[in-house]
2 protein chains.
Amino acid sequence: MPPLLLSPVAGDPWAARLAATLGWEEGRLELRRFPDGETYLRFDTPPAGREVVLAASLDRPDPKLPGLLFAAATARELGAARVGLVAPYLPYLRQDCRFRPGEAVTARCFGHLLSGAVDWLVTVDPHLHRIASLGEVFAIPATAVPSAPVLAAWIAGNVPRPVVVGPDAESEQWVAAVAGLAGAPYRVLAKERRGDRDVSVGGADLSGLEGRTPVLVDDILSTGRTLVEAVRCLRAAGLPPPVCLVVHALFSDEAGAALREAGADRVVTANTVTHPSNKVDLAAAIAEACRAFVPEA
Amino acid sequence: MPPLLLSPVAGDPWAARLAATLGWEEGRLELRRFPDGETYLRFDTPPAGREVVLAASLDRPDPKLPGLLFAAATARELGAARVGLVAPYLPYLRQDCRFRPGEAVTARCFGHLLSGAVDWLVTVDPHLHRIASLGEVFAIPATAVPSAPVLAAWIAGNVPRPVVVGPDAESEQWVAAVAGLAGAPYRVLAKERRGDRDVSVGGADLSGLEGRTPVLVDDILSTGRTLVEAVRCLRAAGLPPPVCLVVHALFSDEAGAALREAGADRVVTANTVTHPSNKVDLAAAIAEACRAFVPEA
């Protein structure tokens, strides 16, 4: 029997999307809330003896986590051979050290919770900064699928004469990879963060880019503050309206409007988090990583 | 140093309430959401070497659970001597067996999750039905504080010539205890449940109750369907408008209005779940159970 893909989050498209890409079975997991707010969960497709793969993006995570943990525990209880998790967006990786005394290092707490719940994990471009690899956060085998090749292919196919721009030093390595794969030059701006919503972006040498369209690339778009400042900086330097290309679309309508107002041409995102701006499909790349965990399928 | 009471749920009154009752310290746990929906958490009061008690009602549980688990893990990481949990309302106990194949037994999943997170647990009247005791669900020492003595005292002080009425057979043992402590007679109605929101309540011998005020007692008020039917049944039998006395107030304004419309005199609840109808204070009873876990304080 093929592996069994199930969605532990109501309405999430990833189980169906991966079933279609991989030719695996999409099972039915009944999932609803009781009137008192508790989660009800039932495997309509029996998981006994099967490779079970729970797939859902975990943006806005807190209300989704109990159902996910209950689904994983129940799959094991009902005799699943193994339980894997595909979370194209994995939350809680930004709080990866104790910046102030007493803070919860939620990356570690979250990693511990998931490591006890599932046998393996696939995600896309985890926001690892001070932590070098998923192995420092998760005690289970975990694959980080890189979006760079797919982003680079999108740039090459959609933006004539691009220059790839990173909004901050943190993004340099990643932006260099995307630019290299797209056969384009790149620049990196400098960012200063003063709080959750207060960010300024400063200078970089933007000369020699005549006739090029800037493509601002970032891994997460949330409040949009970082990219808004980067768009302003590029426009102030006389460059044409930049395309904003982002992997994880965590942003509100408000942030999208602020980007356009600041002078962005358009905002294009990958489909790790479902959003109207999704244009870059990572299903094939994620599917490949899943196949590596379940080779017999 | 006295034990440290902290609220792992923003706005929950129980840490402050128990600190006042017990004379323990109420510490500060900073708790907020990042713009992307993740929880930020910081111990403003260092927990190192201390008996830490996290206190909050866990109604509408899913968005509250990640923060609670992160708080418990972080308290341990920061060197807390022990971490206890006071959850005056404990969710997920109603799904205590597999009614249909494939269902998650969330009582067991939830019990496993909390048992790994904290060292001891205090709650009030857990909704145990097919499970005989908290020990079958939790692998840690757990105390179920009975509300019956406090409910009985409230009845004795506020309702002249009461008759205590249970809405269903499930409530009999508990209603008998409340009635006994209040020195009042009791009756038990019969309930038939056809779905989450579809309930009918039927006959019991209601003769010989002339001049008595019925007090309908139940542990949980959620959709209100059970109590609405019970109120109608008592009114149809010619009894005066009943007082509805409930422990855990999980209900909406709508359910309260439906009860008054059906002919209830008023709805009175204990304060395990914060609600405008709270009139019965369980702080002293819960405090006593906490003292048993932290006797040196």
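Residues numbered from 1 in each chain as written. Chains lettered and ligands numbered in written order. Predicted model: local features only at pLDDT ≥ 70, side-chain atom pairs only at ≥ 80, totals over all residues. Heavy atoms only, no water.

Caption draft 1: Molecular detail of the side chain of His-127 of chain B. All names here are of chain B. Among the structural elements, His-127 can be located in the loop between strand E7 (120–124) and strand E8 (142–145). Only 3.2 Å separates the side chain of His-127 from the side chain of Glu-170, close enough to count as a polar contact. Among all residues touching His-127, those that are not within four sequence positions of it are Leu-93, Arg-94, Glu-170, Asp-219 and Ile-220. (Helix = DSSP H or I, 4+ residues; strand = E, 2+ residues; numbered from the N terminus. Polar contact = N/O pair within 3.5 Å; in protein donor to acceptor, adjacent residues only side chain to side chain. Contact = heavy atoms within 4.5 Å.)

Caption draft 2: Structural context of the sheet that holds strand E15 (residues 266–270) of chain B. Residue and element names in this part refer to chain B. Pairing in this open sheet of six strands is parallel, and the strands run E10-E9-E13-E14-E15-E16 from one edge to the other. Each of the sheet's edge strands pairs with one partner strand only, and the pair in question is strand E10 (186–188) and strand E16 (278–280). Adjacent strand axes in the sheet meet at a mean angle of 35°, parallel and antiparallel pairs treated alike. Pairing of strand E13 (residues 213–221) with strand E14 (residues 243–249), which is carried by six bridges, proceeds in the parallel orientation. Paired with Val-215 across the strands is Val-243, a residue of E14. Taken strand by strand, helix H4 (residues 148–158) contacts strand E9 (162–166), E13, E14, E15 and E16, and its axis lies near 155° from that of E14. Packing of helix H6 (residues 225–236) onto the sheet brings it into contact with E9, E13 and E14, and relative to E13 it is tilted by some 170°. (Pairing = 2+ DSSP bridges. Axes fitted to C-alpha atoms, helices over the stretch in contact; angles between N-to-C directions.)

Caption draft 3: Structural view of the sheet that holds strand E13 (residues 213–221) of chain A. Residues and elements named next belong to chain A. Strand order in the open sheet formed by six strands is E10-E9-E13-E14-E15-E16, and the pairing between neighbours is parallel. Because the sheet does not close on itself, it has two edges, and the strands there are strand E10 (186–188) and strand E16 (278–280). Averaged over all pairs of adjacent strands, the angle between their axes in this sheet comes to 35°, without regard to strand direction. Sheet topology note: the strand E9 (residues 162–166)/E10 ladder contains three bridges and is parallel. Considered in E10, the bridge of Val-164 is made with Tyr-186. Running at roughly 170° to E13, helix H6 (residues 225–236) makes contact with E9, E13 and strand E14 (243–249) of the sheet.

Caption draft 4: Region of interest: the relation of the copies chain A and chain B. Laying chain A over chain B is done by rotating through 180° and shifting 0.0 Å along the axis; what remains is an RMSD of 0.0 Å. Expressed as an axis order, the relation between the two copies is that of a two-fold axis. Among all C-alpha atoms of chain A, that of Pro-63 of chain A lies closest to the rotation axis, at 2.2 Å. In this assembly, 100% of the residues forming the interface of chain A have copies in chain B that are likewise at the interface, indicating an isologous arrangement. (Least-squares fit on C-alpha atoms with pLDDT ≥ 70 in both.)

Caption draft 5: Representation of unusual backbone geometry. One non-glycine residue, Tyr-92 of chain A, lies in positive phi territory at about 65°. Here Tyr-92 of chain A lies in the loop between strand E6 (82–87) and helix H3 (106–117). Positioned with a positive phi, Arg-161 of chain B is a non-glycine residue whose angle comes to about 45°. Along the chain, the position of Arg-161 of chain B falls in the loop between H4 and E9. Arg-161 of chain B gets classed as partly exposed once you look at its relative accessible area, which sits at 46%. (Buried < 20%, exposed > 50% of the residue type's maximum accessible area, 1.4 Å probe, protein only.)

Caption draft 6: Representation of the packing of H3 of chain A against helix H2 (residues 65–77) of chain B in the model. Contact pair H3 of chain A / H2 of chain B: the axes reach a minimum separation of 10 Å and the direction vectors enclose 110°. Between H3 of chain A and H2 of chain B, the interaxial angle falls into the category roughly perpendicular. Read as a crossing pair, H3 of chain A and H2 of chain B show a hand that is right-handed. Every residue of H2 of chain B that contacts H3 of chain A at Thr-106, Arg-108, Cys-109, Phe-110 and Leu-113 of chain A is listed here: Leu-69, Phe-70, Ala-73, Thr-74 and Glu-77 of chain B. The class makeup of the residues in the contact of H3 of chain A with H2 of chain B is six nonpolar, two polar and two charged. (Parallel < 35°, antiparallel > 145°, perpendicular 65-115°, else oblique. Left-handed = near helix turned anticlockwise from the far one by under 90°. Nonpolar A, V, L, I, M, F, W, Y, C, P; charged D, E, K, R; others polar.)

Caption draft 7: Molecular detail of helix H4 (residues 148–158) of chain A. Residues and elements named next belong to chain A. All of the buried residues in H4 are Ala-148, Leu-151, Ala-152, Trp-154 and Ile-155. Buried residues in H4, looked at end-on, bunch into an arc of 160°, giving them a common side. In this structure, H4 carries Ala-156 and Gly-157 as exposed residues pointing more than 90 degrees from its buried face. Considering only its buried residues, H4 is in contact with E9, helix H5 (172–182), E13, E14, strand E15 (266–270) and E16. (Arc of directions from axis to C-beta.)

Caption draft 8: Fine view of the pairing of strand E7 (residues 120–124) of chain A. All names here are of chain A. For E7, the tally of buried residues reaches five of five residues, placing the bulk of the element in the interior. Where burial is concerned, the two faces of E7 agree: the one with Trp-120, Val-122 and Val-124 and the one with Leu-121 and Thr-123 are both buried. Pairing of E6 with E7 involves four bridges; the strand directions are parallel. Bridge pairing links Val-86 to Val-122 in E7. On the question of chirality, the crossover connecting E6 to the parallel E7 by way of H3 is right-handed. (Right-handed = clockwise from strand over helix to strand, strands pointing away.)

Caption draft 9: Structural context of the pattern of salt bridges. Under the defined criterion, the tally for this structure stands at 32 salt bridges over all chains. Two residues, Asp-59 of chain B and Lys-64 of chain B, come together in a salt bridge whose shortest N-O distance is 3.2 Å. Of the two residues, Asp-59 of chain B and Lys-64 of chain B, both sit in the buried class. Shared partners join several salt bridges into a network, and the residues in it are Arg-28, Glu-30, Arg-32, Arg-42 and Asp-44 of chain A together with Arg-100 of chain B. (Salt bridge = Lys/Arg side-chain N within 4 Å of Asp/Glu carboxyl O.)

Caption draft 10: Region of interest: H6 of chain A. Residue and element names in this part refer to chain A. With 12 residues, H6 ought to run about 16 Å at 1.5 Å a step, and its terminal C-alpha atoms sit 16 Å apart, in line with that. Where H6 is concerned, the buried positions are Thr-226, Leu-227, Val-228, Ala-230, Val-231, Cys-233 and Leu-234. At the exit of H6 stands Gly-238, carrying a positive phi of roughly 85°. (Expected span 1.5 Å × (residues − 1).)

Geometric values such as these leave the question of function open.
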